[in-house]
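Descriptive analysis of the structure
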Amino acid sequence: MLRRSLKAAPSTSSCSSAAARHVRALSSEPSSPHRYQPSQQPSPSSPSKSRPPPPQTWLAKTIKQSPAAKKAFLSLAGLLGYGSAKQYAGRRAYNMYSELCIPRPDDEAAFWKDACHLPPTFQSWFTVTNLHVWLLTVRLRALPPPHGTNFVQGLIDHFFIDVEDRVRAVLQPVSPNSLAPPQNLAPYTPPSTFYQIANANVHGRPRPRGRAPESLVTRQMKIFKEQWAGMGMSFDLGLVRSDAELAAAVWRNLLGARGARGIAYPSAGGGDGNGEQQYFRRTVNLVGGEVEKLARIEKRGGGLEAEERRDDGSGVHDFPPAEADKYVAYPETMATIVEYVRRELVRLERVPDEAFLGKGEIGTESHGLEELRFGSVRSEDGLVAAFGREQSR
């Protein structure tokens with residue numbers, strides 16, 4: 001159960017994991033009004049919810065009560081290497097991830113679930129969070145060396161540590177009767193209400209607890225690694241090519257590439273077209289990958305068409321014929337997200353490097369993140385909103 005502590009600052013120093021956890025606790029400021037607060041420009045359709053600060057360790061509470069003890073502890077941490085630029089970047093990247101990226105699915109859940117038709121699953125949470133991790137990554141890559149490399153590595157490390165932690169929680173929740181220390185049972189980052197753990201409590205009886213199968217966890221992590229890499233490359237390409245290319249990346253990665261084989265209308269669905277039993281089709285990644293290999297799909301009976309009709313449990317698939325009208329809003333949805341991506345990248349570009357780098361001192365890792373917070377996906381001053389007002393006249 002020390003996995004969280006051991007990986008708290010990946011690719012950095014191999015010093016005491018407990019000390020790393022306490023240093024990170026000292027760098028947080030629970031009393032700050034900006035701690036775990038949602039975007040400064042919340043979506044009108046999704047009211048913001050304040051997030052409680054993470055629990056502090058007993059050592060952090062004790063040290064903060066004594067200025068002399070705090071000074072001595074921070075001096076010792078500096079001697080152990082926790083004050084190095086690489087260590088500081090890893091801890092500040094954790095604060096960026098937990099305060100800037102994690103809240104985004106919940107802050108605008110109405111847009112992601114209603115406009116993008118993403119189901120309330122962990123897969124959807126990963127997709128939305130991955131988008132904002134990429135937005136930060138683009139800006140962090142522009143930092144002068146070696147800061148850019150250190151911050152990007154820290155951000156991605158914390159992202160995947162958190163994803164693994166959440167995957168294990170989804171597959172097998174930890175028993176409240178566990179003998180492990182409370183700090184090891186706490187989530188790596190603030191919890192999310194965007195998705196729910198299925199069958200966590202059936203018929204009033206708690207779900208059986210135990211270790212999640214490592215093979216299943218490894219498989220899921222491979223899938224998420226492929227999605228992270230694929231989404232990053234496709235958005236990078238769209239960023240330098242055109243808005244049309246970027247919209248295509250949005251359609252494939254955020255909208256599930258619905259309708260890739262054409263739109264099915266009621267007349268083609270059979271019956272009244274109101275049920276999933278009469279029509280089901282999802283988009284299959286023809287590029288293949290480490291997990292879903294094309295050779296394996298071709299060996300199955302029915303080939304690609306049978307694979308498209310197989311429900312993979314993601315909740316993302318083509319709309320049935322009775323809901324074909326939902327495709328009408330897709331161009332506007334793609335344009336809204338493209339505009340959001342461009343707008344946020346321009347805004348982050350204007351933020352000076354010093355705001356990302358921080359003060360470089362232990363205990364200041366969470367300082368100055370307010371101006372980095374993402375705005376609302378929809379903007380009343382954007383071109384999409386202006387076009388909508390023009391059409392309504």
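Residues numbered from 1 in each chain as written. Predicted model: local features only at pLDDT ≥ 70, side-chain atom pairs only at ≥ 80, totals over all residues. Heavy atoms only, no water.

Okay, the pattern of salt bridges next. A full pass over the atoms with the stated rule returns 15 salt bridges. For the salt bridge of Arg139 with Asp353, the shortest nitrogen-to-oxygen distance reads 2.6 Å. On the criterion of sequence distance, the pair formed by Arg139 in helix 8 (residues 122-140) and Asp353 in helix 17 (residues 353-357) is long-range, its members being 214 residues apart. Among the ionic pairs, Asp243 bridges to Arg342, the shortest N-O distance being 2.9 Å. Remark: Arg342 occurs in helix 16 (residues 330-350) and Asp243 occurs in helix 12 (residues 243-253); sequence separation between them is 99 residues. (Salt bridge = Lys/Arg side-chain N within 4 Å of Asp/Glu carboxyl O. Helix = DSSP H or I, 4+ residues; strand = E, 2+ residues; numbered from the N terminus.)

Further remarks concern the packing of helix 8 against helix 16. Two numbers describe how helix 8 lies on helix 16: the axes approach to 9 Å, and their chain directions differ by 35°. The chirality of how helix 8 crosses helix 16 is right-handed. Residues Leu131, His132, Trp134, Leu135, Val138 and Arg139 of helix 8 form the contact with helix 16, whose participating residues are Tyr340, Val341, Leu345, Leu348 and Glu349. Its residues placed into classes, the contact of helix 8 with helix 16 shows eight nonpolar, one polar and two charged. (Axes fitted to C-alpha atoms, helices over the stretch in contact; angles between N-to-C directions. Left-handed = near helix turned anticlockwise from the far one by under 90°. Contact = heavy atoms within 4.5 Å. Nonpolar A, V, L, I, M, F, W, Y, C, P; charged D, E, K, R; others polar.)

For the pair helix 12 and helix 16, the least separation of the axes is 9 Å and the interaxial angle reads 110°. In this view, helix 12 runs roughly perpendicular relative to helix 16, as classed from their interaxial angle. Where helix 12 crosses over helix 16, the two elements pack in a sense that is right-handed. In this structure, helix 12 uses Asp243, Leu246, Ala247, Val250 and Trp251 to contact helix 16, whose residues at the interface are Tyr330, Met334, Ile337, Val338, Val341 and Arg342. (Parallel < 35°, antiparallel > 145°, perpendicular 65-115°, else oblique.)

A word on the nonpolar core. In terms of nonpolar packing, the biggest core is built from 64 residues, with Met96, Trp112, Trp125, Val163, Phe235, Val341 and Phe356 touching the most fellow members. Counting only elements with at least two residues in this core, the list comes to helix 5 (85-101), helix 7 (109-115), helix 8, helix 9 (147-171), helix 11 (214-241), helix 12, helix 16 and helix 17. Sort the elements by how many residues they give to this core and helix 8 lands first, with 11 residues. Once residues within four sequence positions are removed from consideration, Met96 is found in contact with Cys101, Leu136, Leu140, Phe151, Phe356, Leu369 and Leu372. (Core = buried A, V, L, I, M, F, W, Y, C linked by side-chain atoms within 4.5 Å. Buried < 20%, exposed > 50% of the residue type's maximum accessible area, 1.4 Å probe, protein only.)

What follows covers the environment of Asp236. Along the chain, the position of Asp236 falls in helix 11. Residue Asp236 is classed as partly exposed on the basis of its relative accessible area, which comes to 23%. In this structure, the C-alpha to C-alpha distance between Asp236 and Val138, residues 98 residues apart in sequence, is 8.4 Å. Within polar-contact distance, the side chain of Asp236 engages the side chain of Arg141 at 3.1 Å. (Polar contact = N/O pair within 3.5 Å; in protein donor to acceptor, adjacent residues only side chain to side chain.)

Aromatic rings considered in pairs are described by the distance between their centres and by the relative angle of their planes. For the coordinates displayed, the defined rule picks out 15 aromatic pairs. Relative to Tyr330, the ring of Phe319 lies with its centre 6.0 Å away and its plane at 75°, an arrangement referred to as edge-to-face. Within this pair, whereas Phe319 is found in the loop between helix 15 (303-309) and helix 16, its partner Tyr330 is found in helix 16, the two being separated by 11 residues in sequence. For Tyr330, a relative accessible area of 4% gives the class buried. Pairwise contacts between aromatic rings join Tyr97, Phe122, Trp125, Phe126, Phe159, Phe160, Tyr195, Phe224 and Trp228 into one cluster. (Phe/Tyr/Trp six-rings, centres within 6.5 Å; stacked < 30°, edge-to-face > 60°.)

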